[in-house]
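An overview of the molecular structure
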Amino acid sequence: MTSTVSMTVNGKQVSAECEGRTLLVQYLREKLALTGTHVGCDTSQCGACVVHVDGISVKSCTMLAHQAEGCDVVTIEGLADGDTLHPMQEAFRENHALQCGFCTPGMVMSAIDMVNRHDTLDEKTVRHQLEGNLCRCTGYHNIVKAILAAHPVMKGTA
Amino acid sequence: MPEGGIGASVKRKEDFRFLTGRGSYTDDEVRAGQLYAHMLRSPHGHAALGSVDTSKAEAAPGVVCVLTGPDADADGIGGLPCGWGITSKDGTPMVEPKWPVIAQGKVRYVGEIVAAVIAETADQAADAAELIEIDYRTLDAAAVTETAHLDGAAQIHDEAPGNLCFDWDFPGEEAAEAVDAAFEAAAHTARLELVNQRIIPHSMEPRAAVAEYDKGEEKLTLYCTAQAAHAMRLLLGAFVLNQPEHKFRVVAPDVGGGFGSKVAPYAEYAIICWASRKLERPVRWLGQRAECFVTDAHGRDHVTEVELALDADGGFTGLRVNTIANMGAYLSAFAPLIPTFLYATLFAGQYTTPAISCNVKAVFTNTSPVDALRGAGRPEATYLLERVIDEAAQATGIDPVEIRKRNFIADDAFPYQTPVALLYDSGSYERALDIALEKSDWSGFAARRSASEANGKLRGIGIASPIEATGAAPSAIAGQLGARAGLYESAQVRFNATGTVTVFAGTHNHGQGHETTFAQLVTDKLGVPLENVEVVEGDTDRAVMGMGTYGSRSLSVGGSAIDRAMDKIIEKGKKIASHLLEASVDDIEFDSGTFTVSGTDRTIGIGEVAFAAYVPHNYPLEELEPGLDEQAFFDPVNFNFPFASYVCEVEVDPETGSVSVERFTAVDDVGTIVNPMIVEGQVHGGLAHGIGQALMEGAVFDENGQPLTGSLMDYTLPRADTVPSFDLDHTETPCPMNPLGAKGVGEIGAIGAPPAVVNAVVDALRSHGVNHVDMPVTSESVWQAIQSANAS
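Residues numbered from 1 in each chain as written. Chains lettered and ligands numbered in written order. Predicted model: local features only at pLDDT ≥ 70, side-chain atom pairs only at ≥ 80, totals over all residues. Heavy atoms only, no water.

**A closer look at the overall build of chain B**
The following threshold applies: Numbering of helices and strands starts at the N terminus; helices are DSSP runs of H or I of at least 4 residues and strands are runs of E of at least 2. Burial classes: relative accessible area under 20% of the type maximum marks a residue as buried, over 50% as exposed, and values in between as partly exposed (1.4 Å probe, protein chains only). We call two residues in contact whenever any of their non-hydrogen atoms come within 4.5 Å of each other. Here the accessible surface of atoms and residues is derived via Shrake-Rupley with a 1.4 Å probe, and residues count as covered only by protein chains that are part of the display. All tallies of charge rest on Lys and Arg as positive and Asp and Glu as negative; His and the ends of each chain are not included. The atoms used to mark charge sites are NZ of Lys, CZ of Arg, CG of Asp and CD of Glu.
Across its full length, chain B carries 19 helices and 28 strands. Dimensions of chain B, computed from C-alpha atoms along their principal axes, come out at roughly 90 × 75 × 55 Å. Within chain B, the proportion of its 792 residues that are buried is 65%. Partitioning the intrachain contacts of chain B with sequence separation of at least 6 by distance along the chain shows that 80% fall at a separation of at least 24. In the form shown here, chain B has an accessible surface area of approximately 26,200 Å², with 48% of it arising from carbon and sulfur atoms. The centroid of the 57 positive side-chain charges in chain B is displaced by 3 Å from the centroid of its 109 negative side-chain charges.

**Focus: the packing of aromatic side chains**
Quick reminder of the rule: For Phe, Tyr and Trp, rings pair up if their centres lie within 6.5 Å, where Trp contributes its six-membered ring, and each pair is then called stacked (planes under 30 degrees apart), edge-to-face (over 60) or tilted (otherwise).
Here the structure, examined in full by the defined rule, presents 21 aromatic pairs over all chains. Here the aromatic rings of Phe102(A) and Tyr25(B) are separated by 5.2 Å at their centres, their planes lie at 85°, and the arrangement is edge-to-face. Of this pair, Phe102(A) sits in the loop between helix H2 (87-94) and helix H3 (104-117) while Tyr25(B) sits in the loop between helix H1 (15-19) and strand S1 (35-41), placing the two residues on different chains. Just as Phe102(A) is buried, Tyr25(B) falls in that class too. Seen in terms of ring centroids, Tyr109(B) and Tyr330(B) are 6.2 Å apart; in terms of plane orientation they differ by 70°. Their pairing is edge-to-face. Highlighted residues: Tyr109(B) in the loop between strand S4 (106-107) and strand S5 (113-119) and Tyr330(B) in the loop between strand S14 (316-328) and strand S15 (356-364), separated in sequence by 221 residues. The rings of Phe316(B), Tyr351(B), Phe408(B), Phe414(B), Tyr429(B) and Phe643(B) are connected pair by pair, giving a single aromatic cluster.

**Section: the packing of helix H10 (residues 400-407) of chain B against helix H11 (residues 429-439) of chain B**
Residue and element names in this part refer to chain B. Which entries qualify depends on this criterion: Think of each axis as a best-fit line through the C-alpha atoms, taken over the contacting stretch in the case of a helix, with angles from 0 to 180 degrees between the N-to-C directions. When an angle is under 35 degrees it counts as roughly parallel; over 145 it counts as roughly antiparallel; between 65 and 115 it counts as roughly perpendicular; any other value is oblique. Two helices crossing with the near one rotated counterclockwise from the far one by less than a right angle form a left-handed crossing, whereas a clockwise rotation gives a right-handed crossing. Amino acids are sorted into nonpolar (Ala, Val, Leu, Ile, Met, Phe, Trp, Tyr, Cys and Pro), charged (Asp, Glu, Lys and Arg) and polar (every other residue, Gly among them).
Between H10 and H11, whose axes approach to 10 Å, the crossing angle comes to 165°. Of the possible angle classes, the one that applies to H10 and H11 is roughly antiparallel. In this structure, the crossing between H10 and H11 has a hand that is left-handed. On the side of H10, the interface is formed by Val401, Arg404 and Lys405, while H11 contributes Glu430, Leu433, Asp434 and Leu437. For the contact of H10 with H11, a count of residues per class yields three nonpolar, no polar and four charged.

**Thoughts on the sheet that holds strand S26 (residues 643-652) of chain B**
Residue and element names in this part refer to chain B. Quick note on the threshold: Pairing between strands is defined by DSSP: at least two bridges between the two strands are required.
Spatial ordering of the open sheet is given by S18-S26-S27-S28, a layout of four strands whose pairing is mixed. Strands with a single pairing partner mark the edges of an open sheet, and in this sheet they are strand S18 (458-464) and strand S28 (727-731). Sheet twist, expressed as the average angle between the axes of neighbouring strands with direction ignored, equals 15°.

**Description of the interface of chain B and chain A**
Our working rule: Two parts placed together each lose some accessible area under a 1.4 Å probe, and the buried area is that loss summed for both. The rule for a salt bridge is simple: a side-chain nitrogen of Lys or Arg has to be within 4 Å of a carboxyl oxygen of Asp or Glu. What qualifies as a polar contact is a pair of N or O atoms within 3.5 Å, subject to a donor-acceptor requirement within protein and to the restriction that residues adjacent in sequence count only when both atoms come from side chains.
Taken together, the contact between chain B and chain A spans 50 residues of the former and 48 residues of the latter. On the chain B side of the contact with chain A, Leu19(B), Met204(B) and Arg719(B) bury the most area, a combined 18% of that side's loss. Put simply, Asp27(B) and Arg29(A) hold a salt bridge, and the shortest N to O gap is 3.1 Å. The tally of links between chain B and chain A comes to 28 residue pairs in polar contact (both at pLDDT 80 or more). Of all the secondary structure elements, the ones that give two or more residues to the side of chain B that touches chain A are H1, helix H4 (122-129), helix H8 (289-295) and helix H17 (676-695) of chain B. Residue contributions to the side of chain B that touches chain A peak at eight residues, all from H17(B).

**Section: the pattern of salt bridges**
All names here are of chain B. Scanning the entire structure with this criterion turns up 57 salt bridges over all chains. With a shortest N-O distance of 2.7 Å, Arg320 and Asp180 are connected by a salt bridge. Of this pair, Arg320 sits in strand S14 while Asp180 is found in helix H5 (residues 173-184), placing the two residues 140 residues apart along the sequence. Through salt bridges with shared partners, one network takes in Asp441, Arg448, Arg459, Glu649, Glu651 and Arg663.

**With respect to the side chain of Asn133(A)**
All names here are of chain A. Structurally, Asn133 can be placed in the loop between helix H4 (123-129) and helix H5 (141-155). A residue is classified by how much of its surface remains accessible, and Asn133, at 4% relative accessible area, is buried. In terms of polar contacts, Asn133 uses its side chain to reach the backbone carbonyl oxygen of Gly47, at 3.2 Å.

**Here's the deal with the pairing of strand S12 (residues 283-286) of chain B**
A regular strand places its side chains so that they alternate between the two faces of the sheet. For S1(B) and S12(B), the ladder comprises two bridges, and the chain directions are parallel. Counterpart to Tyr36(B) in the pairing with S12(B) is Arg284(B).

**A few points about the packing of H17(B) against helix H18 (residues 748-765) of chain B**
Residue and element names in this part refer to chain B. Running from amino to carboxyl end, H17 crosses H18 at an angle of 40°, the nearest separation of the two axes being 7 Å. In terms of their interaxial angle, H17 and H18 are classed as oblique. Here H17 runs over H18; the crossing is right-handed. Residues Gly686, Leu687, His689, Gly690, Ile691, Gln693, Ala694 and Leu695 of H17 form the contact with H18, whose participating residues are Gly749, Ala750, Ala753, Pro754, Val757 and Val758. By residue class, the composition of the contact of H17 with H18 is nine nonpolar, five polar and no charged.

**Here's the deal with helix H16 (residues 606-614) of chain B**
Residue and element names in this part refer to chain B. Keep this limit in mind: The arc in question is traced by the directions running from the helix axis to the C-beta atoms.
Burial in H16 covers these residues: Ile606, Val609, Ala610, Ala612 and Ala613. For H16, the angular spread of buried residues about the axis comes to 160°, placing them on one side. Contact partners of the buried residues in H16: strand S19 (489-495), helix H14 (514-526), helix H15 (554-580), strand S22 (588-591), strand S23 (594-597) and strand S24 (603-605).

**Overview of the sheet that holds S12(B)**
Residues and elements named next belong to chain B. Strand order in this open sheet of seven strands is S3-S5-S1-S12-S9-S10-S11, and the pairing throughout is mixed. With one partner strand each, in any of the chains shown, strand S3 (63-68) and strand S11 (248-251) form the two edges of the open sheet. Across the sheet, the axes of successive neighbouring strands diverge by a mean angle of 20°, strand direction being ignored. Taken together, the six bridges between S1 and S5 define a ladder with antiparallel strand orientation. Along S5, the bridge assignment pairs Met39 with Ala116. Its contacts with the sheet place H4 against S1, S3 and S5, and it is angled at close to 30° to S1. Together, strand S10 (219-224) and S11 form the strand contacts of helix H6 (residues 229-241), whose direction differs from that of S11 by roughly 140°.

Dropping the structure here:
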């Protein structure tokens with residue numbers, strides 16, 4: 001039993017047929033071929049699938065596609081402007097905050113939301129706020145550095 | 001000379017695609033007409049397998065076929081091979097039971113595949129698997145490392161009495177006698193019983209595979225999460241699928257972390273290849289995290305008794321180690337190597353201990369198979385050594401720094417032959433420790449401890465000075481020790497006609513930054529701008545041969561192969577240049593991308609030479625082939641030996657037992673550093689992995705072999721708020737055994753961090769009478785240790 005789900009993804013109106021049990025991450029990956037959003041676990045622990053839904057970071061494995069009907073969704077593919085990276089992407093590149101790249105899309109999406117929610121950020125806050133995103137490569141050291149570096153750029157205070 | 005050569009922290013070439021969602025991982029590969037595989041797995045640790053009734057599943061919507069163990073036999077599918085043989089002390093070969101890709105007769109661990117359903121969609125395959133009816137008769141299990149070999153334990157394999165895989169002495173009887181003598185003469189001894197607990201690898205990308213068989217070409221293509229594409233092709237093709245190498249392509253595209261767990265050939269890959277060949281349609285499989293928990297090869301799982309003999313001055317005179325190593329239910333590809341030659345050969349550490357001996361009993365249990373995991377044997381060796389040294393410091397009353405310094409191999413003693421086979425080529429151990437002490441403000445610790453105590457907290461400081469043997473391996477030595485493959489690396493450096501360069505390498509990049517580091521080698525040596533160099537890895541149809549990435553070997557072995565290929569490029573380039581410049585080849589010099597006639601200003605760039613090689617209008621065709629494309633193999637004459645000194649400082653809350661890592665200083669020597677930014681990132685990741693093992697990670701099975709840590713809600717991985725920022729420094733002692741001077745860097749953090757952390761925790765707890773806490777050092781185990789020390 002399938003039905004049509006429509007939403008805006010990275011500024012484009014999209015719609016696709018899917019089952020009631022289809023997760024938002026499956027909709028993005030399998031129906032829209034937006035494979036930048038990753039699935040790293042089955043218990044909503046790893047955060048590799050984080051996207052923005054109506055401006056808020058969401059683990060897209062914990063949301064049904066139907067729940068995103070009519071929503072405005074942004075994925076990792078929707079951040080850069082052509083070859084110009086978003087300040088958070090640029091900070092990750094500059095600070096070597098990624099290695100294998102698998103957790104990176106979720107990390108970047110979570111980090112942007114974190115900066116949006118905080119007028120100021122310190123290391124302790126960044127580390128605590130990153131609890132929902134797992135990385136096995138970097139030891140988090142450079143991810144924390146990157147987020148602290150991107151904060152003033154995104155806030156226009158750099 | 002273009003920028004970005006050796007020593008430059010250039011930003012990574014691969015980052016743009018990863019940061020913009022353009023990475024291409026295995027599960028991103030989509031094939032027209034693809035089918036989905038779902039593996040039905042044993043819920044029992046040990047059970048006789050009766051009838052497997054697949055009739056309802058076969059009739060379910062979308063199901064194309066269901067495969068079982070007998071089908072594998074009928075179709076000539078072999079068992080999963082083991083790549084290393086060990087000989088027991090009585091001269092008999094290790095017991096190597098068949099590991100069928102789908103269980104036959106018995107299941108021996110939770111997660112073992114009992115049937116595979118192939119259907120039009122993933123959901124249909126999973127739904128149909130629930131309709132398979134299986135008659136299990138559960139059996140008593142042997143799931144505990146210490147007791148699996150004792151009388152009365154359940155028998156797992158008929159051919160392995162006492163569940164014993166091998167019983168191995170090293171280096172041999174003479175050494176054991178020397179150790180006995182050292183203990184008889186000892187002024188002091190130290191002894192510990194240690195558990196190096198089982199951990200689960202958890203690369204963030206779950207294992208995945210897509211297989212496609214082209215009947216017209218009789219060619220099989222497997223995309224999979226692999227660290228070693230060519231080795232995967234060899235092992236699966238020759239031993240399992242009977243698919244000839246020239247008709248089998250393995251592609252490891254972007255891979256989301258490996259840590260050793262993506263080296264071995266896995267049953268799922270064999271099954272989907274087999275299914276694709278049978279059905280003539282692409283078949284894909286994506287591991288759920290819950291499946292990865294029980295089927296990705298686990299790591300460690302040793303129970304060890306270690307004893308150190310010392311003379312009156314605190315000099316180490318003998319080391320004796322007895323270990324029981326858990327192999328799991330079957331032998332994974334490199335499992336036998338890990339608790340033997342990757343383990344006991346490291347027992348000298350950075351020290352001059354003259355007599356060392358060990359016994360290792362490897363046992364089968366009803367648990368997931370164990371294999372290489374970041375460090376693989378070397379963390380286990382380093383842990384017992386660095387822990388017993390701290391215990392010896394207590395026994396002798398000598399400071400932990402001083403006792404290490406008294407026993408370090410001196411800078412002028414290299415090459416240094418250890419009593420455990422390895423010949424160390426270089427090192428400067430005291431210098432690294434001194435820098436670590438300085439950077440960690442070792443001398444200011446007392447004040448920080450007082451400050452913690454004023455807040456009701458205990459504070460401890462610990463050292464570890466790890467060494468590791470990386471760059472596997474000299475093939476001839478590895479062969480003598482039981483390797484069933486060579487361990488060279490190969491590379492091809494191809495100039496394109498327009499002067500850009502493509503490097504084809506047999507290694508694989510799954511986070512290590514090869515696309516950047518290897519390009520830097522080319523920029524440095526050939527003077528080609530970094531943006532004009534492309535590195536291709538992980539495809540058996542593109543790179544001619546290779547053994548892959550593991551054991552921190554890629555730069556020192558693979559990078560050296562690239563270096564050798566570039567030597568050949570320069571040699572041929574000189575011949576072409578000599579023709580174009582009308583000079584003798586002996587007069588041609590090459591530097592920074594330019595060929596020069598010695599002592600003149602007559603020059604030609606390597607780009608023009610490459611163009612002439614591919615457009616040979618003015619070319620010595622009678623003497624020289626066109627083209628500028630060279631291949632090299634590099635087989636090192638020895639391992640290389642990265643070393644480090646780490647200082648860890650922890651705070652412990654005695655009321656709750658919780659431990660926090662407050663400071664971590666790491667001074668590493670990984671030889672010549674090509675990209676300092678990437679090297680630091682590798683150390684960061686290794687340290688976090690090691691802190692994870694020390695403080696939180698641990699795979700737990702009950703006595704029936706039932707995993708109790710089966711999800712990321714039960715198994716604790718390090719998160720951003722459970723590891724500190726790291727304070728790094730390095731010394732740079734080039735390795736004399738390869739042309740780059742490089743040593744491995746990917747594992748040393750995971751090797752050195754656990755003993756540094758545990759030494760710090762024990763230091764904090766000594767005032768409460770605690771002299772050891774097993775990993776993972778959780779708040780519960782610390783609290784229990786304090787309570788039981790108080791009670792006694």
